[in-house]
Amino acid sequence: MDRGLRVAVVGATGAVGQEFLHLFEGREFPVESLALLASARSAGRTLLFRGQEHLVEEATAEALNGTDIAFFSAGSGTSKALAPQAAAQGTVVIDNSSAFRMDPSVPLVVPEVNFAAVSSATKIVANPNCTAIILLMALAPLRSLGAISRVIVSTYQSASGAGALAMEELKEQTRAVLEGRSFEPKVMPHPYAFNLFSHNTAVNEEGWNEEEWKVRQEARKILDMPDLPMNVTCVRVPVLRAHAESVTVEFDGPAPSEDQVREVWSRSPGVRIVDDRAANHFPMPLEASGQGDVLAGRIRRDQSHPSALSFFVAGDQLLKGAALNAVQIAERMIAAGHLG
Ligand SMILES: NC(=O)c1ccc[n+]([C@@H]2O[C@H](COP(=O)([O-])OP(=O)(O)OC[C@H]3O[C@@H](n4cnc5c(N)ncnc54)[C@H](OP(=O)(O)O)[C@@H]3O)[C@@H](O)[C@H]2O)c1
């Protein structure tokens, strides 16, 4: 690539949007110019990038015109309204919302797992649900040890997965509880400090909430295993940042050994093994926060089933679960000559 890219971030003032700016700086992403876009509420604010204040503008099709690549993280409504227009204007869109994830014509990509789904003709790439990405980073490499026949996942999801306002609410509410003050939650549907609750998305007639549905459908699409039996339970826990997940995976034949799993993970980019039984030290959200690897460990045989094993993962869902995965997709597209 002989020049930098004209980049836009839609949702630049949000929790994910802010991570894009840090990642562009830290990874030396080839930004020639940067458009910071958000809702009309934020127009006129400034954000710091490479030591300089940049003006935030309202996200519109005109503001996206002439950009090479746009990273969307402003909710699915904004993506549906603006991404197809941006793509028609020649901008490559990497979309963090759920708007296009299950669209068969849009690749849904975790670069370590299925970058091959992207081609030079791709104009919109969907970034998967954060919980699905963190799960797949550890799960997908295990396919080299045998055919996976069933997956059971229980999640421990942090406030940051619900955006900047949810993080603030958890902090405020924790302070209020400790000081004996009452607090009326506005972002979350239930008291969050010193509590946990079933994921705050709509529950369908079968009793699945939207997050559980997304994790299952998106994992199946990314793995190209449309019928993979999966049972997912998603829960919000009062952790500020980074999701954790308890996973049980069943194989067609006998389960691989713990050592085989460690060996496969040890050569899987983006996976870091944290599995110290003597010290009772396994993946934790605090250690996963602010860094790009998915932490994986607590590998053990499922004593209730000869073909199953269990493990635990933790990952920063604002990074690998969102902004980092999106930037990695863009970096691979640049390397493949699809951009620039
Ligand atoms: N948080 C995560 O871990 C995570 C992970 C994966 C994907 N995502 C997805 O990423 C998106 C943003 O999440 P977030 O956590 O960053 O949320 P957030 O902190 O609430 O930020 C939302 C961003 O969207 C902008 N926005 C809202 N309505 C808009 C509109 N009508 N037009 C233009 N911009 C608008 C906001 O601008 P204002 O500041 O002007 O309101 C803000 O920049 C969502 O689609 C979410 O599902 C989030």
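> Explain the nonpolar core to me, please; I cannot follow it from the model alone.
Nonpolar side chains tend to gather and get buried jointly when the protein is soluble and globular. Of all hydrophobic cores here, the largest spans 56 residues; its most connected members are Leu64, Val151, Val249, Trp265 and Phe311. In terms of residues, this core owes the most to one element, helix α5 (residues 130-139), which gives seven residues. Those residues in contact with Trp265, other than ones at most four positions away along the chain, are Ala138, Pro141, Leu142, Val271, Ile273, Ala296, Gly297, Ile299 and Phe311. Within the second largest apolar cluster, 38 residues are counted, among which are Leu21, Leu47, Val92 and Leu324.

> Where do I start with the site of the ligand in this structure?
For the ligand, the set of nearby residues contains 26 residues, the closest of which are Thr13, Ala15, Ser39, Arg41 and Ser42. One nitrogen or oxygen atom from the side chain of Thr78 is found 3.5 Å from a nitrogen atom belonging to the ligand. A distance of 2.9 Å separates an oxygen atom of the ligand from a polar atom in the backbone of Ala164. For the ligand, whose free accessible area comes to 890 Å², the fraction covered by protein is 75%. For the shell around the ligand, the elements supplying multiple residues, two or more each, are α1 (15-26), α3 (75-88) and α10 (319-335).

> In this structure, what is going on with the pattern of salt bridges? I would like to understand it.
Two side chains carrying opposite charge are able to pair once their charged atoms lie near each other. Enumeration according to the criterion identifies 16 salt bridges in this entry. Here Asp68 makes a salt bridge to Arg3, at a shortest N to O gap of 2.9 Å. With a gap of 65 residues between them, Asp68 in the loop between α2 (61-64) and β5 (69-72) and Arg3 in the segment before β1 (5-10) connect regions that are remote in the sequence. For Asp68, a relative accessible area of 11% gives the class buried. Since its relative accessible area comes to 32%, Arg3 is described here as partly exposed. Note that Arg101 and Glu218 form a salt bridge whose closest N and O atoms lie 3.1 Å from each other. Here Arg101, found in the loop between β6 (92-95) and α4 (111-114), pairs with Glu218, found in helix α7 (residues 210-223); they are 117 residues apart in sequence, far enough to count as distant. The network of salt bridges with common partners includes Arg3, Arg6 and Asp68.

> Would you explain unusual backbone geometry in this entry?
Among all residues except glycine, the phi angle is most often negative; among peptide bonds, the trans geometry is most common. Although it is not a glycine, Ala242 sits at a positive phi angle of roughly 90°. Mapping Ala242 onto the fold places it in the loop between β11 (235-236) and β12 (243-251). Look at Asn280: it is not a glycine, yet its phi comes out positive at around 50°. Along the chain, Asn280 turns up in the loop between β13 (271-273) and α9 (285-288). Given a relative accessible area of 61%, Asn280 falls into the exposed group.

> Quick question: what am I supposed to make of the packing of α1 against α10 here?
When two helices pack together, you describe them by how their axes are tilted relative to each other and by the distance separating the axes. With their axes 9 Å apart at the nearest point, α1 and α10 run at an angle of 50° to one another. In terms of their interaxial angle, α1 and α10 are classed as oblique. When you trace α1 past α10, the crossing you get is right-handed. Touching Val16, Glu19, Phe20, Leu23 and Phe24 of α1 are Leu319, Ala322, Ala323, Leu324, Ala326 and Val327, all from α10. In terms of residue class, the contact of α1 with α10 is built from ten nonpolar, no polar and one charged.

> Would you take a moment to explain the sheet that holds strand β15 (residues 308-315) for this structure?
Reading across the sheet, the six strands line up as β10-β8-β12-β15-β14-β13 and stay open at both edges, with mixed pairing between neighbours. Single-partner strands in this sheet number two, and they are β10 (230-233) and β13. Averaged over all adjacent pairs, the angle separating strand axes in this sheet is 25°, with direction ignored. With eight bridges joining them, β12 and β15 adopt antiparallel strand pairing. Paired with Val247 across the strands is Phe311, a residue of β15.

> In this structure, what is going on with the environment of Val177? I would like to understand it.
Following the sequence through the fold, Val177 ends up in helix α6 (residues 164-178). It is 7.5 Å that separates the C-alpha atoms of Val177 and Ala193, two residues lying 16 residues apart in sequence. For Val177, the residues in contact, after removing those within four places along its chain, are Ala193 and Phe194.

> It is not clear to me how the sheet that holds β5 should be interpreted in this structure. Could you clarify?
Strand pairing in a sheet relies on backbone hydrogen bonds, with the paired strands running either antiparallel or parallel. Spatial strand order, β3-β4-β2-β1-β5-β6-β7: seven strands in an open sheet with mixed pairing. For this open sheet the edge positions go to β3 (46-49) and β7 (124-126), each flanked by a neighbour on one side alone. Neighbour-to-neighbour, the strand axes of this sheet turn through a mean angle of 25°, independent of strand direction. Relative to β5, β1 runs parallel, the two sharing four bridges. Counted as the bridge partner of Val9 is Phe71 from β5. Its contacts with the sheet put α10 on β1, β5, β6 and β7, and the angle it makes with β6 is roughly 150°.

> What is the right way to look at the packing of α5 against α7 in this model?
One way to put it is that α5 packs onto α7 with a least axis distance of 9 Å and a crossing angle of 45°. Taken together, the axes of α5 and α7 are oblique relative to one another. Handedness of the α5/α7 crossing: right-handed. Contacts between α5 and α7 involve Thr131, Ala132, Leu135, Leu136 and Leu139 from the former and Glu211, Val215, Glu218, Ala219, Ile222 and Leu223 from the latter. When the residues that make up the contact of α5 with α7 are grouped by side-chain class, the tally is eight nonpolar, one polar and two charged.

The rules we used
- Residues numbered from 1 in each chain as written.
- Predicted model: local features only at pLDDT ≥ 70, side-chain atom pairs only at ≥ 80, totals over all residues.
- Heavy atoms only, no water.
- Core = buried A, V, L, I, M, F, W, Y, C linked by side-chain atoms within 4.5 Å.
- Buried < 20%, exposed > 50% of the residue type's maximum accessible area, 1.4 Å probe, protein only.
- Helix = DSSP H or I, 4+ residues; strand = E, 2+ residues; numbered from the N terminus.
- Contact = heavy atoms within 4.5 Å.
- Near = heavy atom within 4 Å.
- Polar contact = N/O pair within 3.5 Å; in protein donor to acceptor, adjacent residues only side chain to side chain.
- Areas by Shrake-Rupley, 256 points an atom, 1.4 Å probe, with all protein chains shown as cover.
- Salt bridge = Lys/Arg side-chain N within 4 Å of Asp/Glu carboxyl O.
- Axes fitted to C-alpha atoms, helices over the stretch in contact; angles between N-to-C directions.
- Parallel < 35°, antiparallel > 145°, perpendicular 65-115°, else oblique.
- Left-handed = near helix turned anticlockwise from the far one by under 90°.
- Nonpolar A, V, L, I, M, F, W, Y, C, P; charged D, E, K, R; others polar.
- Pairing = 2+ DSSP bridges.

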